[in-house]
Amino acid sequence: MKQLFSLFLFLSMGIHAQEYADIDNKVLKYPKYNSVEKLATKINIDFTEDKDKVRAIYTWLTANIKYDLEEYYNPKSTSVRFTYSSEAEKQKKLKALKRKVADKTLKSKKSVCEGYAQTFKSICDLIGIKASVINGYARNSAEEIGKIPGFSDHAWNAIYLNNQWIIVDATWGAGRVINGKWEKHFSEYFYNISKNKVSLSHHPEEKKWQQIFNSPSIDVYFNQPIYKTKFLTSKAELISPTQGKLFIKNNFIVLRIKDLPETASVLYTYNNERQGQTPKFIKNGTVKNFQIEKPKTTATLNVFINLKLALIFKVIPQ
């Protein structure tokens, strides 16, 4: 059974990637365009279906734009003042400012999330595909559990295809930060993110998008565990605990995960321990119960699946 499940997971992911293989292979041969118009024109020439064009944009951006960690850690002031005499003039000037972000992104080949998202939308606008930039929240560390910031900190896209909105995050699809350095690493997951899982990683600021994607309240979102890409891309489901901050009175934390492959290894560490510990577990049907010893003091619980960080909790022993 365990070999069958693992094979099914591998094949399903492979089939999804194969769906776009021809598009990706063609786009990866494109030059490093420094003009939004030239890239949009090339995509329009090579592809006729809107869904193929959107995939082409995602592939090109994730392959050619580097995340700007320097700008992230030392952001420059971006406030711009302008005057306008009508709503139409206001929107026209705002569109021009956003377009400048896209132009800068293509010329420099680097940006933070706003550049990825505005560039994606600018190209969609030029080729006649309905798209929006969603501003909202995303979390990566235990320090963010339960703490709602005073402003949104991430941007991604909603694209209207086949009479429905899909979610695309080219920033997270392009790579990841490891030990303080950005590493290029293409992710299939962040193209057309599953609507059943998007609220585990993204929370829109605007109510319109919250309603469209059935987002939980902002309190519920920020009180969740941190779900890392390793967990999001798996078929596994966290049954409990669903709170990210755990107040533990007993000697153990019980982690219940459904549909975890039989061959998957699970380890855990507290804070920055270098040696992972193996929890005891009991299987109950499709659910595995992992028994984890509670820490002596408040600590970050890191749960690894197949040696990849998958879940993060904040544990407060009582």
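Attention here is on the structure that accompanies the text.

**Let's talk about the environment of alanine 158**
Okay, step 1: Structurally, alanine 158 can be placed in strand β4 (residues 154-161).
Okay, step 2: Accessibility expressed as a relative area gives 0% for alanine 158, which makes it buried.
Okay, step 3: Residues alanine 158 and proline 279, spaced 121 residues apart in sequence, show a C-alpha to C-alpha distance of 40 Å.
Okay, step 4: Leave out the neighbours within four places in its chain, and alanine 158 touches Lys130, Ala131, Ser132, Ile134, Trp165, Ile166 and Trp209.

**Some details on the state of the cysteines**
Okay, step 1: For the structure on display, the rule yields 0 disulfides.
Okay, step 2: Unpaired in terms of disulfides, cysteine 113 finds its nearest cysteine sulfur in cysteine 124, a separation of 17 Å.
Okay, step 3: Of the residues examined, cysteine 124 reaches a relative accessible area of 0% and is grouped as buried.

**A short note on empty space enclosed by the protein**
Okay, step 1: Counted according to the given criterion, the structure contains 1 cavity of 30 Å³ or more.
Okay, step 2: In this structure, the largest cavity spans a volume of roughly 50 Å³.
Okay, step 3: Taken together, the elements giving at least two residues each to the lining of the largest cavity come down to α9 (198-201) and β8 (202-204).
Okay, step 4: Residue composition of the lining of the largest cavity, grouped by class: 6 nonpolar, 3 polar and no charged.

**Details of the pattern of salt bridges**
Side-chain pairs of opposite charge can arise whenever the charged atoms involved come near each other.
Okay, step 1: Tallying each qualifying case throughout the model produces 8 salt bridges.
Okay, step 2: Linking aspartate 24 and arginine 55 is a salt bridge whose minimum nitrogen-to-oxygen distance equals 2.8 Å. Separated by 31 residues along the polypeptide, aspartate 24 in helix α2 (residues 21-27) and arginine 55 in helix α4 (residues 50-64) bring together distant segments of the chain.
Okay, step 3: The exposure class assigned to aspartate 24 is buried, which follows from its relative accessible area of 11%.
Okay, step 4: Under the relative-accessibility criterion, arginine 55 is labelled buried at 0%.
Okay, step 5: A network of salt bridges, in which partner residues are shared, links Asp24, Arg55 and Glu188.

**Observations regarding the packing of α4 against helix α7 (residues 113-126)**
Okay, step 1: Remark: α4 packs on α7, axes separated minimally by 10 Å, with the N-to-C direction vectors making an angle of 145°. In the crossing of α4 with α7, the sense of the turn from one axis to the other is right-handed. Residues Val54, Ile57, Tyr58 and Leu61 of α4 form the contact with α7, whose own contacting residues are Tyr116, Thr119, Phe120, Ile123 and Cys124.
Okay, step 2: Residues that form the contact of α4 with α7 fall into these classes: 8 nonpolar, 1 polar and no charged.

Reading the values: the criteria
- Residues numbered from 1 in each chain as written.
- Predicted model: local features only at pLDDT ≥ 70, side-chain atom pairs only at ≥ 80, totals over all residues.
- Heavy atoms only, no water.
- Helix = DSSP H or I, 4+ residues; strand = E, 2+ residues; numbered from the N terminus.
- Buried < 20%, exposed > 50% of the residue type's maximum accessible area, 1.4 Å probe, protein only.
- Contact = heavy atoms within 4.5 Å.
- Disulfide = S-S within 2.5 Å.
- 1 Å grid on protein atoms, 1.4 Å probe; cavity = no way out; pocket = protein on both sides within 12 Å on 5 of 7 lines; lining within 4 Å.
- Points joined across faces, edges and corners; volume = space filled by probe spheres on them.
- Nonpolar A, V, L, I, M, F, W, Y, C, P; charged D, E, K, R; others polar.
- Salt bridge = Lys/Arg side-chain N within 4 Å of Asp/Glu carboxyl O.
- Axes fitted to C-alpha atoms, helices over the stretch in contact; angles between N-to-C directions.
- Left-handed = near helix turned anticlockwise from the far one by under 90°.

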